[in-house]
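Each chain, letter by letter, is given below.
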Amino acid sequence: LDKDSGWSRVDEVSLWGDPGIVAKILEQRQNDLITRDPLARIFHNKLVNGGFAFGQSFLSHFDPLFLFFQGDRVKIYQTPDMGILYLTEGLLIAMAVFFLWKKPDHYRLICLSWLVIGLLPDALTRLSPAAPRIHLVLPVISMFGGIGFDTVLAWVRKNPQIKNQLVVIGLVSLLLFQTSYFLHQ
């Protein structure tokens with residue numbers, strides 16, 4: 001395939017086609033000429049810099065600003081002043097992760113693998129995190145929310161005295177959701 005075929009789009013958005021990485025490598029190598037460090041060339045290459053860029057891109061999916069407060073940087077995929085998750089979903093997901101971590105079984109490995117593999121395609125692009133490209137992990141996020149909610153229900157069954165506090169927390173969460181929803185209408 002030549003450059004004018006379907007691969008041109010891949011080159012435009014892929015992490016490895018980023019001209020910024022090559023420019024950074026050239027700048028680092030120029031600085032290495034000044035310091036005359038013979039080992040610096042090992043660390044200043046496309047594989048190392050691309051690996052760091054990939055790591056940053058992958059971890060950017062777990063940024064609280066992206067998840068809860070701002071969402072996607074592209075305005076067409078963004079809800080104003082909202083992330084891609086609600087704060088209450090974040091609490092339920094945190095409870096599910098804690099629950100799955102405590103309970104060793106094969107579900108933990110399946111869910112973690114699904115999450116990692118589902119985020120790889122977006123992490124390999126320069127424009128990440130992007131809301132339209134993370135749809136592969138939405139089912140596992142929903143499962144985490146359900147597991148977290150089930151964990152809360154089990155906890156309430158064991159401790160019935162906290163039921164009133166959870167009802168208040170639920171009503172406050174609903175009020176915050178309604179306020180933010182109608183504020184942006």
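The structure this text deals with has already been given above.
Residues numbered from 1 in each chain as written. Predicted model: local features only at pLDDT ≥ 70, side-chain atom pairs only at ≥ 80, totals over all residues. Heavy atoms only, no water.

**As for the overall build of the chain**
For step 1, the next point in the chain: A tally of regular secondary structure across the chain gives nine helices and zero strands.
For step 2, the next point in the chain: Counting from the amino terminus, the chain carries its helices and strands in the arrangement α-α-α-α-α-α-α-α-α.
For step 3, the next point in the chain: Total accessible area computed for the chain in this model is approximately 13200 Å², and 69% of it derives from carbon and sulfur atoms. (Helix = DSSP H or I, 4+ residues; strand = E, 2+ residues; numbered from the N terminus. Areas by Shrake-Rupley, 256 points an atom, 1.4 Å probe, with all protein chains shown as cover.)

**Focus: the pattern of salt bridges**
Close approach of charged atoms lets side chains of opposite charge pair.
For step 1, the next point in the chain: For the coordinates displayed, the defined rule picks out one salt bridge.
For step 2, the next point in the chain: The partner of aspartate 122 in a salt bridge is arginine 133, with the nearest N and O atoms 2.7 Å apart. Here aspartate 122, found in helix H7 (residues 106–123), pairs with arginine 133, found in the loop between H7 and helix H8 (138–158); they are eleven residues apart in sequence, far enough to count as distant.
For step 3, the next point in the chain: Residue aspartate 122 is classed as buried on the basis of its relative accessible area of 0%. (Salt bridge = Lys/Arg side-chain N within 4 Å of Asp/Glu carboxyl O. Buried < 20%, exposed > 50% of the residue type's maximum accessible area, 1.4 Å probe, protein only.)

**With respect to unusual backbone geometry**
For step 1, the next point in the chain: Residue serine 128 is joined to proline 129 through a cis peptide bond whose omega torsion reads 0 degrees.
For step 2, the next point in the chain: Mapped onto the secondary structure, proline 129 falls in the loop between H7 and H8.

**Some words on a nonpolar patch on the surface**
For step 1, the next point in the chain: A cluster of nonpolar residues, Tyr107, Ile110, Trp114 and Met143, forms a patch on the protein surface that exposes about 390 Å² of accessible area.
For step 2, the next point in the chain: Broken down by element, the nonpolar patch gets its largest block of residues, three residues, from H7. (Patch = residues over 30% accessible without salt bridge, like charges linked within 9 Å, V, L, I, M, F, W, Y side chains within 5 Å.)

**Observations concerning the packing of aromatic side chains**
For step 1, the next point in the chain: Counted by the stated rule, this structure contains three aromatic pairs.
For step 2, the next point in the chain: Three or more aromatic residues link up through ring pairs in this structure, and these residues are Phe54, Phe58 and Phe62.
For step 3, the next point in the chain: Over the ring of tryptophan 101 we find arginine 108; its NZ or CZ atom is 5.4 Å from the centre of that ring. (Phe/Tyr/Trp six-rings, centres within 6.5 Å; stacked < 30°, edge-to-face > 60°. Lys NZ or Arg CZ within 6 Å of the ring centre and 35° of its normal.)

**Focus: the environment of valine 140**
For step 1, the next point in the chain: Positionally, valine 140 belongs in helix H8.
For step 2, the next point in the chain: By relative accessible area, which is 0% here, valine 140 ends up buried.
For step 3, the next point in the chain: In this structure, the C-alpha to C-alpha distance between valine 140 and isoleucine 110, residues 30 residues apart in sequence, is 9.6 Å.
For step 4, the next point in the chain: Beyond its immediate stretch of four places on either side in the chain, valine 140 contacts Cys111, Trp114 and Leu115. (Contact = heavy atoms within 4.5 Å.)

**Here's the deal with the side chain of threonine 125**
For step 1, the next point in the chain: Here threonine 125 shows up in the loop between H7 and H8.
For step 2, the next point in the chain: Judged by relative accessible area, threonine 125 falls into the buried class, the value being 8%.
For step 3, the next point in the chain: Within the structure, the side chain of threonine 125 is placed 2.7 Å from the backbone oxygen of aspartate 122, a separation counted as a polar contact.
For step 4, the next point in the chain: A polar atom in the side chain of threonine 125 sits 3.1 Å from the side chain of arginine 133. (Polar contact = N/O pair within 3.5 Å; in protein donor to acceptor, adjacent residues only side chain to side chain.)

**Re H8**
Note: α-helices contain 3.6 residues per turn, so residues at a spacing of three or four share the same orientation.
For step 1, the next point in the chain: Helix length check: H8 (21 residues) gives 30 Å between terminal C-alpha atoms against 30 Å at 1.5 Å per residue, within 8%.
For step 2, the next point in the chain: Regarding H8, the residues found buried are Val140, Ile141, Phe144, Gly145, Gly148, Val152 and Val156. Projection of H8 onto a plane perpendicular to its axis shows the buried side chains occupying an angular sector of 165 degrees, all on one side. Of the exposed residues in H8, the ones pointing more than 90 degrees away from its buried face are Ser142, Arg157 and Lys158.
For step 3, the next point in the chain: Summarising the contacts, the buried residues of H8 are in contact with helix H6 (87–102), H7 and helix H9 (163–183). (Expected span 1.5 Å × (residues − 1). Arc of directions from axis to C-beta.)

**As for the packing of H6 against H8**
For step 1, the next point in the chain: Two numbers describe how H6 lies on H8: the axes approach to 7 Å, and their chain directions differ by 80 degrees. Considering the angle they form, H6 stands roughly perpendicular to H8. From H6, Leu92, Ile93, Met95, Ala96, Val97, Phe99 and Leu100 reach across to H8, where they touch Ile141, Phe144, Gly145, Ile147, Gly148, Phe149, Thr151 and Val152.
For step 2, the next point in the chain: For the contact of H6 with H8, the class distribution of residues is twelve nonpolar, three polar and no charged. (Axes fitted to C-alpha atoms, helices over the stretch in contact; angles between N-to-C directions. Parallel < 35°, antiparallel > 145°, perpendicular 65-115°, else oblique. Nonpolar A, V, L, I, M, F, W, Y, C, P; charged D, E, K, R; others polar.)

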